[in-house]
Structure formats: structure tokens, C-alpha cells
Amino acid sequence: MIIFRDNYFFLEGLDISYIFRIDKAGYLVHCYMGKKIKAYPTHIVPERFYCWHSWGEDGVKLDEIAQEAPTYGHTDLRKPLISFGEKISVLKYKCHEIYKGKKPLDALPASLDALSDAQTLEITLYDSLNNVEVKLFYTVFESMNTIARHVEVINRAEGELTLDSCYSMCIDFEHSDFSETHFPGRWGFEREKVTNPVVRGTLDINNARGGSGHFMNPHVCLHSPDANEKSGDVYSFMLVYSGNHSTVIDTDQRMRTRVMQGINPFGFKWSLKKDEKFTSPENLITFSHEGFGGMSRFLHKFIRTNIVRGYWKEKPRPILINNWEATYMNFNEEKILSIASLAKDLGIELFVLDDGWFGKRNNDNCSLGDWYVNYDKLPSGIEGLAKKVTDMGIKFGLWFEPEMVSPDSDLYRAHPDWAIHAHGLKPAESRNQLVLDLTKKEVQDYVIESVVSILKKAKISYVKWDYNRYITDMPRQGFNHEYTLGMYHVTKCITEAVPEVLFEGCSGGGGRFDLGILCYMPQVWTSDNTDPIERLYIQYGTSFGYPTSTMGSHVTASPNHYTGRKPSMKTRGDIAISGNFGYELDITTLPQSDLDAIKKQVEECKKIRSLVQYGNFYRLSDPFTGNIGAWQIVNDDKSESFFCATRVMFKSNVYFPIIKLDGLEEGALYRDEYTGNVYSADELMYRGAFIEFPHGDFVTFTMLLKKI
Ligand code: GLA
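Within every chain, residues take consecutive numbers counted from 1 along the sequence as written. Only residues with pLDDT of 70 or above have their local features reported here, since the model is predicted, and side-chain atom pairs are shown and tallied only from 80 upward, although totals for entire chains, interfaces and linings are computed over all residues. Processing note: side-chain calculations cover all non-hydrogen atoms of the structure and skip hydrogens and water entirely.

## Focus: the site of the ligand
As a reminder of what qualifies: If a single non-hydrogen atom of a residue is within 4 Å of a molecule or strand, that residue counts as near it. Think of a polar contact as two N or O atoms within 3.5 Å of one another; within protein, one of them needs to be a possible hydrogen donor and the other a possible acceptor, and neighboring residues in sequence only count if both atoms come from side chains. For this classification, the nonpolar set comprises Ala, Val, Leu, Ile, Met, Phe, Trp, Tyr, Cys and Pro, the charged set comprises Asp, Glu, Lys and Arg, and every other residue, Gly included, is treated as polar.
The full set close to the ligand counts 13 residues, and Asp354, Asp355, Arg431, Lys464 and Asp528 are the nearest of them. Interatomic distance of 2.9 Å between a backbone N/O atom of Gly509 and an oxygen atom of the ligand. Taken together, the residues that form the shell around the ligand break down as four nonpolar, three polar and six charged.

## Side note on the sheet that holds strand β28 (residues 502-505)
The line we're drawing: What makes two strands pair is DSSP finding at least two bridges between them. To qualify as a helix, a DSSP run of H or I must reach at least 4 residues; to qualify as a strand, a run of E must reach at least 2; elements of each kind are numbered from the N terminus. For helices, the fitted line uses only the C-alpha atoms of the stretch in contact; every axis is such a line through C-alpha atoms, and the angle between N-to-C directions lies from 0 to 180 degrees. Pairs of residues are marked as contacts when any of their non-hydrogen atoms sit within 4.5 Å.
Spatially, the eight strands close up into a barrel ordered β22-β23-β24-β27-β28-β29-β30-β31, and their pairing is parallel. Across the sheet, the axes of successive neighbouring strands diverge by a mean angle of 30°, strand direction being ignored. By the bridge criterion, four bridges tie strand β27 (residues 462-465) to β28 in an arrangement that is parallel. By the bridge assignment for β28, Lys464 is matched with Glu504. With respect to the sheet, helix α4 (residues 381-391) is in contact with β23 (350-353) and β24 (395-400), its orientation differing from that of β24 by roughly 145°.

## Section: the pattern of salt bridges
The test is simple: Here, a salt bridge means any Lys or Arg side-chain nitrogen found within 4 Å of an Asp or Glu carboxyl oxygen. Only protein chains enter the accessibility calculation, which uses a 1.4 Å probe; a residue whose area is less than 20% of its type maximum is buried, one above 50% is exposed, and one in between is partly exposed.
Per the stated rule, a full pass over the model turns up 47 salt bridges. Between Glu152 and Lys277 there is a salt bridge, with the nearest N and O atoms lying 3.7 Å from each other. Taken together, the positions of Glu152 in strand β9 (residues 146-155) and Lys277 in strand β20 (residues 277-279) put the pair 125 residues apart, joining distant regions of the chain. Among the residues examined, Glu152 registers a relative accessible area of 9% and is labelled buried. For Arg256, the salt bridge identified is with Asp252, shortest N-O distance 2.6 Å. A relative accessible area of 13% places Arg256 in the buried class. Each member of the salt-bridge network shares a partner with another, and the members are Asp63, Asp76, Arg78, Asp172, Asp252, Arg256 and Arg258.

## Remarks on unusual backbone geometry
The step from Ser558 to Pro559 runs through a cis peptide bond, and the omega angle for that step is -5°. The residue Pro559 is located in the loop between β30 (551-556) and α10 (569-576) in this model. Within the chain, Arg191 stands out as a residue other than glycine whose phi angle is a positive 55°. Counting through the fold element by element, Arg191 comes out in the loop between β12 (179-184) and β13 (194-197). Arg191 gets classed as buried once you look at its relative accessible area, which sits at 2%. With phi around 45°, His423 is a residue other than glycine that occupies positive phi space. Along the chain, the position of His423 falls in the loop between α5 (410-414) and β26 (434-435). Note on His423: relative accessible area 71%, which makes it exposed.

## Section: the packing of aromatic side chains
What counts here: A pair of Phe, Tyr and Trp rings is counted when the ring centres sit within 6.5 Å of each other, with Trp represented by its six-membered ring. The angle between the planes then sorts it: under 30 degrees is stacked, over 60 is edge-to-face, the rest tilted. Counting as a charge over the ring demands two things of the Lys NZ or Arg CZ atom: a distance within 6 Å of the ring centre and an angle within 35 degrees of the ring normal.
Counting across every chain of the model gives 41 aromatic pairs. Pairing Trp324 with Tyr328 gives two aromatic rings, centres 5.0 Å apart and planes at 80°, and the pair type is edge-to-face. With relative accessibility at 18%, the residue Trp324 sits in the buried group. What makes Tyr328 partly exposed here is its relative accessible area of 33%. Through successive ring pairs, a cluster of aromatic residues spans Phe183, Phe189, Phe292, Tyr537, Tyr540, Phe544 and Phe624. Stacked on the ring of Phe331, the Lys or Arg Lys377 has its end atom at 4.5 Å from the ring centre. For the cation-ring pair, Arg535 lies above Trp525, with the distance from its terminal atom to the ring centre recorded as 4.7 Å.

## Notes on helix α6 (residues 441-457)
Note the following rule: One fewer than the residue count of a helix, multiplied by 1.5 Å, yields its expected span.
Its 17 residues give α6 an end-to-end C-alpha distance of 24 Å, which sits within 8% of 24 Å, the value for a rise of 1.5 Å per residue. For α6, the full list of buried residues reads Val443, Gln444, Val447, Ile448, Ser450, Val451, Val452, Ile454 and Leu455. Where α6 is buried, its residues meet α4, β24, β27, α7 (479-497) and β28.

## What about the side chain of Glu403?
Considering the arrangement of structural elements, one finds Glu403 in the loop between β24 and β25 (404-405). At 2.7 Å, the side chain of Glu403 and the side chain of Arg512 are in polar contact. Sequence-distant contacts of Glu403, defined by excluding residues within four places in its chain, comprise Leu434, Val435, Leu436, Leu438, Trp465, Asp466, Tyr467, Tyr483, Met487 and Arg512.

## Section: the sheet that holds strand β17 (residues 245-251)
Read across the sheet, five strands follow the order β5-β11-β18-β17-β14 without closing on themselves; strand pairing throughout is antiparallel. Edge strands, defined here as strands with exactly one partner in the open sheet, are β5 (82-83) and β14 (201-207). Of the strand pairs in this sheet, β5 and strand β11 (residues 165-173) are connected by two bridges, and their pairing is antiparallel. Paired with Ser83 across the two strands is Ser165, which belongs to β11.

## Quick look at the domain arrangement of the chain
The condition that has to hold: Marked domain ranges trace back to an automatic or database domain assignment.
Split by domain assignment, the chain resolves into domain 1 (2-307), domain 2 (320-403 + 441-470 + 498-612) and domain 3 (621-707). Spacing between the C-alpha centres of domain 1 and domain 3 amounts to 39 Å.

## A word on α4
Within α4 the residues assigned to the buried category are Gly381, Ile382, Leu385, Ala386, Val389 and Thr390. Contacts from the buried residues of α4 go to α3 (333-345), β23, β24 and α6. Of the residues trailing α4, Gly393 is marked for its positive phi of about 100°.

Below you can see the structure in the form of C-alpha cells.
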């Protein structure tokens, strides 16, 4: 609900209030954001700011005031939401509108109003010095704890206006008694959970590598220093964007905290002619006073409801087998068919042909961009192969890396200028490849046409959309945003052309795991690191921001190709089954005992996948701080729950670990389907479960609890 009363705006979601007001001079003053305030006196916040010198001509010193749309240089010298280079800007309230639903964002992905319970406040501010309008958008979702924000800047002046920075939101908190948690990483170890106290000064959690990145996920939480999984205030800030991003946490001399999130101003510039508009990406603010667990469950629900869309939105995801770690690029039709046929016998539902099927690609130094089949490897072509596989009764999927070009490719030889390059410099290669310049219409059209024509001709049910390098040699400031818009256009055209195809995003594993991608593709390959012990940390870290239905997780070979570890089939299966399950190993060379185990895992996954993919996620034991990682997923009516604990190393002669479960129905009894044991929910939640791990390192313990 959005209420406007006595110059105050009251934005209220399920258990969240966001309050600000228009002051006498026309500035937007932030009052409060956090747990819902259900009753108000006349004035919710007394005038608290004071000052002893240097007031502006309107009697206000903005440096002292919590604001919604700060600018730099007149009476505020803190970091601005928006800046027009050296031009000072003063933004004052002009008008506002409150309406049902929400408008789409120009050329950018954004959240939906899937439950038709959203209301939007659109405030127009006016800068009379520069003749510029700035619109602030706030969408409240009645049944959610998330508020969506973004900003539009419209140049009303005759001359050109240059935007130097445009964050999507700003919140000024009145204190700095916070810690922050964010999710940096690297290839093979994405979304590590890192917590720091908020210190005096500026923390800029950012990425300027062209994509949202392995290095820094666009998700930052500000929270009470003692927040844990069950208690404490947690404010989550997440961007619906896949390009360079920045989250600034800035404390001032009076120990107040300003948070802003949006496009990274570094390398950004945007020119606006008269009446042209710039739209920032959308930012999502989610609040919970029930710690990180509460925050994640609110956010997961929001993502499943209002970010993920289309045919696969609420469908159980197919169990797939991918040939990458089975064959890499060394395969032929016979090998592919033998894997697919055995997979079908094991109950697997989808075969995915990964990299190496096109051009003359037998290693990673050629052919990206030449999206035509290699008949030497696949004599029946993609159409013929897809038909043979689907005739077996298993669906067929295909890998693409649409945004890339290899210097050794027909595409590059014909159009060297289609690769991103700058100032006459030979562009830097990474994994022997260059990035196509998707700011150019002809390049966008080529990519759309070459991918869609294959998807329309062959029986393809799934696409793995890869993106295996960062962007270098960007030719001008603002290019990364232009590229990101071009990439969204291409992605939209391709995904809308084949609406029933399931798309999985990928970027050297989980290097572009963000809400922008999830608006087009309902799931993402979480990491190239498939060792289940490493995945324990990666999936645990990823779960803070993203629901299990978005995380691809596969069982791979032992020893693991990357780490050399040899966890059991059970451990590999238990970790992978906690996401969108699949396999990525050469099943044709496995002993019968492993095939039997796979058949059982596949049956098990089919039984529990709706629960796992769409249930409520509880983190119970943090592997980043201990030897055991544990999570639990409970369905909405609390009748079923999947629990998985993983012990990293065996420790000699220690007592049974005890883990307290969560989310069950108080007073109810549950039967563990794996052992037949019956437990009281209260005992499991208050006394805890005794975890009887099998002997050894790298072991798991699972329970499938059903309410009796
Ligand atoms: C990336 C992906 C892998 C695989 C390879 C193919 O690294 O993350 O899963 O598809 O590319 O080249």
C-alpha cells in the first residue's frame, strides 16, 4: 500500500515500511526503512537535523539530511545519486503519481507484478539549474517484503546533458551500527560469503569487468552486527542487471550510512539530447528482521514470483546429462548417442550437447560465431542428431556462446570490425576469443538469426547460453551499458522466439549469476567447479541471494577433474540434488554399481524435486565458519522437508554433531522416509537432530521428513 499524507509518503509491504517526506524547500527527506510501522502519530519522525553554519539560500543544509535523491556540490558534499559532471544540480519535488501495477523499464529487464498486488509511486523532481527532470520509481508489492526502485533522467534543456553517474537508489540510514555481507569470488569459487564491519569511510563493492562477474555479485546486505540466520535486521540490495555495477556504503562524519546501488560510475558516461531519457537498472530492497534466513526466503519468493517468468517458471526442471566433462570436445555421433541412450535407460530426461559441435572446433582456439554443425563429427547434423536422441524418448539440448567470436572463424574473417576493439589496438584475447560488439544492430541481427534458425529447425528443448570471458578494449565510456542493453535485446529476441525452450545461463560457470539474466533464463550453471565439497560452499553462498530453482548442480566423475578429490557417489548426489539436478560424466564407462546408484538418485530426484526447487530454504550450519554445512528445504504447508548435512573432514573422537532443524510444524510428528525413524518436530527444532555421518571425510547425511 502507498499512502500520501501531510507531505509524507508511506510505502508498506508485507512486513516492511519505507517512509519519506517532502520538506518545506521541496527536497525529499528519508525518514525510515525497515520493519513495518503499523501505527503513526502525526509526525513519524521529529525534525532532528541541526547545523551551525553554511545553510543554502532555502535555509537547508543537505549535508545534514537523510535524502532520497542526493546530488553533490551545493549543500551536500557526500556521494551523489546522480551527477552531471562539473554541473551542480539541485533536485526538488515537482509532482507525483501513485498507480496500480508497474511500468516496464525501457530496454532493461525488471521485476513483474505477477500477483497483481503491486502499486507504484512515481515522483518527478526538477532541477531548474539544468532544466532536467529526475523521476524516482518505488514499487511496493503487497504480499512481499521487497521494494523495487529505479531512476529516470530526462533532459528538458536545448543543449546536450552528460550523465556521469546514475545510481538506481539511495538510502540514508541515521547510524552506522552495521556490518555488511557481500558475495565476491573467482572462477571455480563463486559467491563466497564475506562479512565486514561497516567502517568509517567508503566501501565500494563493484565490478568493472563487463559482466556482473565471478569476482563480485551485485548483491550486498547491510545488517545488524549480530544478525544471524534467525534474528537481526538484514537489508538486502540486489540489482536486476548484468553489466558493471557498484554498491557504495558510505559513512559520514556524523556516523550515518548512505547506501547506493546501480551502474558502476567508473567508465560510465551517457549523453542526453533534448527530451531524451536515461533509465537506470532496477534495484530490489528486501528487508527482514528475522536474520539472513528470513531475508533469503523473502528474496527467493520474490525471485520465483516476479523475476523468473515464462513456460518453465513453476515447472519441475528436467534431470539432464551434459557431455562436457564426459568428452570435452572430443566426441562423435556414436559416442553422443551411446551416452544419451544409456541416460534414457537410467531415467534421465534431457541430453545436452556442450561445446565443440560447430565449425571446426576441436579445441578452444577457433570457430565461435560459426554456428553451423561440424558434419565430420556429427554426420546427421544437429537436426538429425536431435531427432535420433528425441526418438529414444529423451529430450535434446544444445550449447551456444552467442556473444563471442574466435579470431580463427569465418565470421571474424568476414567481419573483423564486429569484435569489440578500441583505438586501433589489437583487442586482448581471453580463452582465445573476442566479444562481439552487440551495440551494433547488424551484429545483434546476425546473432539472433544464426541461433534462432537452429533452434527452430531442430527438436531442441534446452539451451546452455555461455559467456566465457570478460570484456576488454571497450571503446568509449558508457560502452558497457550499451553492450548490456544490446545483449538483453538479443537474449529477449532469442528466448521469445522459442518460448518453450528451457534456457540455462552460464559464464565460465557462475560468472553471470544475476537477476538480469534470470529475467530471461530461469536457471544458471552455478559453477564449473563440480567437486561436491567445493559446491557445498558455492551453493551455500549462492543461496543467500538466489533460490534453488535457479541453481544448476551436477554429479561429475571421481576423481573430480578439477580438484582430484574422490567423494562417494552419495555425497556427489546429495549436494547436486539440492539444486537443479543433472549429470556430467561419461556414464558409458561406469561400473554397474554406479549405474544402479544413478538410477536410484534419478528416481529420488523425481520424488523430491518440486520440494527442493520450490520449497523454503533454511541454512542450518555454515561451512564457511565450521566443518559442517547443512541446509533444509521445507514446502509451504510444512508437510515435507529435505535435510542435507555435509561433513568436510572426519575429526577423531568427537560427539555426534547436533543440528537444529527449522521451519517444521510445531507439535507435529515427522517420519524420515530414508530410515523410517519418527521424530517430533519440536525435538528436531529445539533439541536438534543427532547427525550420524558415515565414516570418513567428505560425507553427507540426509533426511526426507514427511508429516504423519
Ligand atoms: C564454460 C562452461 C562449461 C563448458 C565450457 C565449454 O567453461 O562453464 O560448463 O560449457 O565453457 O567450453
